[in-house]
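Tertiary structure, described
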Amino acid sequence: MEDKNLGVETLSEAVLNRLGYMLDNPECGWKQLAKAVAEHPQFCYSEKELTDVSLKVLSPHGSPGRFLLALLADRGCTLAFLLQCLKKIEHREAAGFLTTHVMEQIDFTMQPQSQRVPEGSPVVLSCRAVGPVELTYQWFKGKDEVPGGNGPELVLNSVSSAEQGHYICRVSSGDKYVFSNWVHVRLAKSGGASAGSNSGYFPSSGSGLYITQQPRPQELVEGDALYLECAAWANPPPQFQWYLNKQPMPNGTRSILKIPSITTADRGIYSCKVYNLYHEAWSDQVQVNIGASNAGPRQMGDCCATDKVALLIGNMNYLHHQQLRAPMADVHELTNLLRQLDFKVVSLLNLNWQEMHSAVTEFLLLLDRGVYGLLYFAGHGYENYGNSFMVPIDAPASYTFKHCLWVQDVLQRMQERQTGLNVFLLDMCRKRNPNDESIPQPGPLRVTANIVFGYATCVDAEAFEVNKDDLSNGIFMSFLKKRLMEPEKVTFILDKVAEDMGRCEITRGRQALELRSNLSERRALTDSIQVPACQVTASTRNLQWAIAHVIPDSRCLRFECGVTVQLGFAAEFSNIMIIYTRILETPKDIVSCSAQLSDFTEGPEVDLKHSNQESLREAGSLLLSMDDLLPLEQPRLFTRISALQRLKKELSFTVCLHYKYTNLDEELLEEQRVSVGKPLVSKLNLYEPRLSHTSSCDLQMSSIMESPSFSESFRANLPDSSPSSIGSASTCWSYYQGSMESPTFSSLKNEPEETICPEFLESEEPPAIKSLPSASSQELQFKFSNLPNSL
């Protein structure tokens, strides 16, 4: 091929559709091609992008293969590299088609253009083609060959009347040849302008490029379309490159720049470089402001999000450090509040290092242009030299940043998603870690003016929780939950929380909220969601979130003795599920029976001492209430399964039915083995390592749709269906839909006990420190729990 760097975007629509059709097969198709091109970092696509490709199969005329080719074209994939990868995956049909019908054909990628220029000006006629190697060019004027015109560009240094006429280019390869379009080169008359005057349409012969239309400044609101135009005359024809804040824009290579739906990330100074082989010129620099309208200052409620997504992590059960109480209640409380504000919430408890990193990677896949992203962490932490670190539950006694999750790195990755708002709520200590003297250097952050950090405490200080009871909130959450629902700017809410905390005697002088922000707009967590123009993106995000919140459908088991047992499921958190059993039907000759669960799949945590309990509190769930949920005369047993993120295969267990007949003293036993797939977050395989800044989880659409727990549950939650099968990362029950009376969702009470009260403030029980070095504990007047070698 004449130009081996020619891109996939040069292929015609018909050719791309044909190649896409060939790649739409499961055995040797787009999935295998995606893996092959991923060996080149430039074409390593995220899990979200691959999910986008999978979703195309759901469209009436959608083609995953065609969509993947479009992604490759956007990143500058060359035809040579595409052919190499097709041969690598041994897709002979596609490779043969690309070679025979495309790469051996001669197709024009640039046709010459007719030109009218002042006498004495240079003229460059350009003609480019793609095809086999050894392409040759020959220019003609009329029927005569132009001497020296054997290249893709014909240069006429000084046009006179002798050079006027019609020109054409022949492109050849062996015995194959094609001709370009005819073009006309003619002289322009000055129309009476004096020599050297620039008042005519064309400049003097000394100039070969000038801008005829400058871009204009604009005042827009978020969600508007940005339209900038820079027109120019040049010989040879000009090329364009748009810049935002002095940085080149990858897709800004035309005279008109269009951004369909702008966000705050698009504000700044725009300019356009116009150039050709001989000249270069810059347009005026224009300011594009986003957020202020012609009607005056924005009011609350004017801002909107394309979606809202939150990741909440609460670490309590540390292996080598003091265990905490408050994170469970804090995460549950915040989950309920954010759900009321239309956030998609992923709530996780007790994550190790790998699980935290994988969870953040999955969280980033839910972010996109204009999305509000919120990250909350409650647990041990520390801060060194302005860098904050979240400590996983498996961190060693003397941990360093290598054992933790780096907050500033998460922020940088969030900015890459072009989010509309980035909120970090860090309920952890910020003492310096003497075991860690390293100073990791974050990459450059973008100037987005949409970042909010709410620290539960100030620099070099601890954060506290009150050891009052099992449902106590931490200090920070106790005050935050009172203000979070207010329709105010995020920073204003946190300012109020800081003032409230300052009036709390138990922490005065020991813990004070610190706010860091560069938020320039009046964005609030209560802002409405405006669905973006691209419905595919929104649908993909909904699907990605739903994957982590699928709970099994309720089911009934019929035993040989005639007893019918119902299995019900609830999501307490995104990685914690409750299973309950109740007896629905019993033969008259059976006097007693109960259904118990045992022999669970390896991976998740089930406390056998607290399984099959008659109340949720006895089963270890402190956040759910079953008051009036089921008739008192109906027996029911509850089992709590945690750490579902460690489930490596389908969750299965044995239902053991113990029963007695009227005339027998001996208890009888029947068993049934039940498999419920991979519920909730277990489907994401958080235990698996992820590639840097991407997800290695292969969420293929086929495997998703084939999942017994997903296919029916997800379809049942389309707009015209019941929402009973998708968990909410807060309590959501799935009930058996039968002829018997079923409890209603509204009867479920799942709010933790209110802990801010006079007894709370006057309690003599000292607060427990989230992360406290033993040296500091000696200096405080309270009796704090010592935690050696920990921050």
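Each remark here, short or long, concerns the structure printed above.
Throughout what follows, the structure given in this document is the object of discussion. Everything numeric in this text was worked out from a predicted model, so none of it was measured.

1. Points about unusual backbone geometry
The backbone of K246 sits at a positive phi, close to 70°, despite the residue not being glycine. By the secondary structure assignment, K246 is in the loop between β15 (239-244) and β16 (247-248). Relative accessible area serves as the criterion here: at 71%, K246 is assigned to the exposed category. One non-glycine residue, N612, lies in the positive phi region at around 55°. Within the secondary structure layout, N612 lies in the loop between β36 (590-598) and β37 (636-641).

2. Some remarks on empty space enclosed by the protein
In this structure the tally under the stated criterion is 2 cavities of 30 Å³ or more. Of the volumes computed, that of the largest cavity is approximately 100 Å³. Lining the largest cavity are 13 residues; nearest its centre among them are V346, E362, F363, A548 and L684. At the level of elements, β23 (344-349), α8 (353-365) and α12 (535-547) are the ones that each hand at least two residues to the lining of the largest cavity. Residue contributions to the lining of the largest cavity peak at 3 residues, all from α8. Of the residues contributing to the lining of the largest cavity, the split by class is 11 nonpolar, 1 polar and 1 charged. Computed from the structure, the second largest cavity encloses a volume of approximately 70 Å³. As for the second largest cavity, its lining consists of V423, L425, L480, L484, E486, E488, V490, I493, L494, A524 and L525.

3. Looking at the nonpolar core
The biggest cluster of nonpolar side chains holds 47 residues, and the ones touching the most others in it are L311, L348, F377, M390, F424, L426 and F453. For this core, the element with the most residues is α8, which contributes 5 residues. If near-sequence neighbours (up to four positions away) are discounted, F424 is found in contact with L375, V407, V410, L411, M414, V452, F453 and G454. Formed by 45 residues, the second largest nonpolar core is a distinct cluster that contains A305, M316, C429 and V466.

4. Re the sheet that holds strand β38 (residues 652-661)
Read from one edge of the open sheet, 3 strands run β36-β38-β39, paired in antiparallel fashion. Pairing within the sheet leaves two strands with one partner each, and these edge strands are β36 and β39 (668-675). When the angles between neighbouring strand axes are averaged without regard to direction, this sheet yields 20°. The sheet contact formed by β36 and β38 spans 8 bridges and is antiparallel.

5. With respect to the packing of aromatic side chains
As enumerated under the stated definition, the model contains 13 aromatic pairs in all. Ring centres 6.3 Å apart and planes at 45° place the aromatic pair F389 and F401 in the tilted group. Here F401 lies in the loop between β26 (387-390) and β27 (405-406) and F389 lies in strand β26, a separation of 12 residues in the sequence. Overall, the relative accessible area of 1% leaves F389 in the buried class. The rings of Y382, F389, Y399, F401 and W406 are connected pair by pair, giving a single aromatic cluster. Over the ring of Y275 we find K273; its NZ or CZ atom is 5.0 Å from the centre of that ring.

6. Here we look at helix α11 (residues 490-502)
An ideal rise of 1.5 Å per residue puts 18 Å on 13 residues; α11 measures up with 19 Å between its terminal C-alpha atoms. Regarding α11, the residues found buried are V490, T491, I493, L494, K496, V497, D500 and M501. The inward-facing, buried residues of α11 contact β28 (421-427), β29 (451-455), α10 (475-483) and β31 (514-517).

7. A closer look at the sheet that holds β27
In spatial order, the strands read β25-β26-β27; together these 3 strands make up an open sheet with antiparallel pairing. A strand with exactly one partner marks an edge of an open sheet, and here the two such strands are β25 (381-384) and β27. With 4 bridges connecting them, β25 and β26 associate as antiparallel partners. When the sheet's bridge partners are listed, N384 is paired in β26 with N387.

8. Considering the packing of α10 against α11
Interhelical geometry of α10 versus α11 gives an angle of 130° and a closest axis separation of 9 Å. One finds that α10 runs oblique with respect to α11. Crossing of α10 against α11: the hand is right-handed. Across the interface between the two elements, I475, F476, F479, L480 and R483 of α10 pack against I493, L494, K496, V497, D500 and M501 of α11. Among the residues forming the contact of α10 with α11, the class breakdown is 8 nonpolar, no polar and 3 charged.

9. Let's talk about helix α3 (residues 47-55)
Extensive coverage of α3 is indicated by the burial of 8 of its 9 residues. Buried within α3 are the following residues: E47, K48, L50, T51, D52, V53, S54 and L55.

10. Some details on the side chain of Q613
With respect to the helices, strands and loops of the structure, Q613 is situated in the loop between β36 and β37. A polar contact of 3.3 Å, which involves the side chain of Q613, links it to the backbone oxygen of K609. Beyond its immediate chain neighbours, meaning those up to four positions away, Q613 contacts E618, A619, R636, L637 and F638.

11. With respect to the environment of Q213
By the element assignment, Q213 lies in strand β11 (residues 209-213). Sequence spacing of Q213 and E229 is 16 residues, and the spatial spacing of their C-alpha atoms is 7.3 Å. Each residue touching Q213, except ones within four places of it in the same chain, is listed here: E229, C230 and A231. At 3.5 Å, the side chain of Q213 and the side chain of E229 are in polar contact.

Conventions and cut-offs
Residues numbered from 1 in each chain as written. Predicted model: local features only at pLDDT ≥ 70, side-chain atom pairs only at ≥ 80, totals over all residues. Heavy atoms only, no water. Helix = DSSP H or I, 4+ residues; strand = E, 2+ residues; numbered from the N terminus. Buried < 20%, exposed > 50% of the residue type's maximum accessible area, 1.4 Å probe, protein only. 1 Å grid on protein atoms, 1.4 Å probe; cavity = no way out; pocket = protein on both sides within 12 Å on 5 of 7 lines; lining within 4 Å. Points joined across faces, edges and corners; volume = space filled by probe spheres on them. Nonpolar A, V, L, I, M, F, W, Y, C, P; charged D, E, K, R; others polar. Core = buried A, V, L, I, M, F, W, Y, C linked by side-chain atoms within 4.5 Å. Contact = heavy atoms within 4.5 Å. Pairing = 2+ DSSP bridges. Axes fitted to C-alpha atoms, helices over the stretch in contact; angles between N-to-C directions. Phe/Tyr/Trp six-rings, centres within 6.5 Å; stacked < 30°, edge-to-face > 60°. Lys NZ or Arg CZ within 6 Å of the ring centre and 35° of its normal. Expected span 1.5 Å × (residues − 1). Parallel < 35°, antiparallel > 145°, perpendicular 65-115°, else oblique. Left-handed = near helix turned anticlockwise from the far one by under 90°. Polar contact = N/O pair within 3.5 Å; in protein donor to acceptor, adjacent residues only side chain to side chain.

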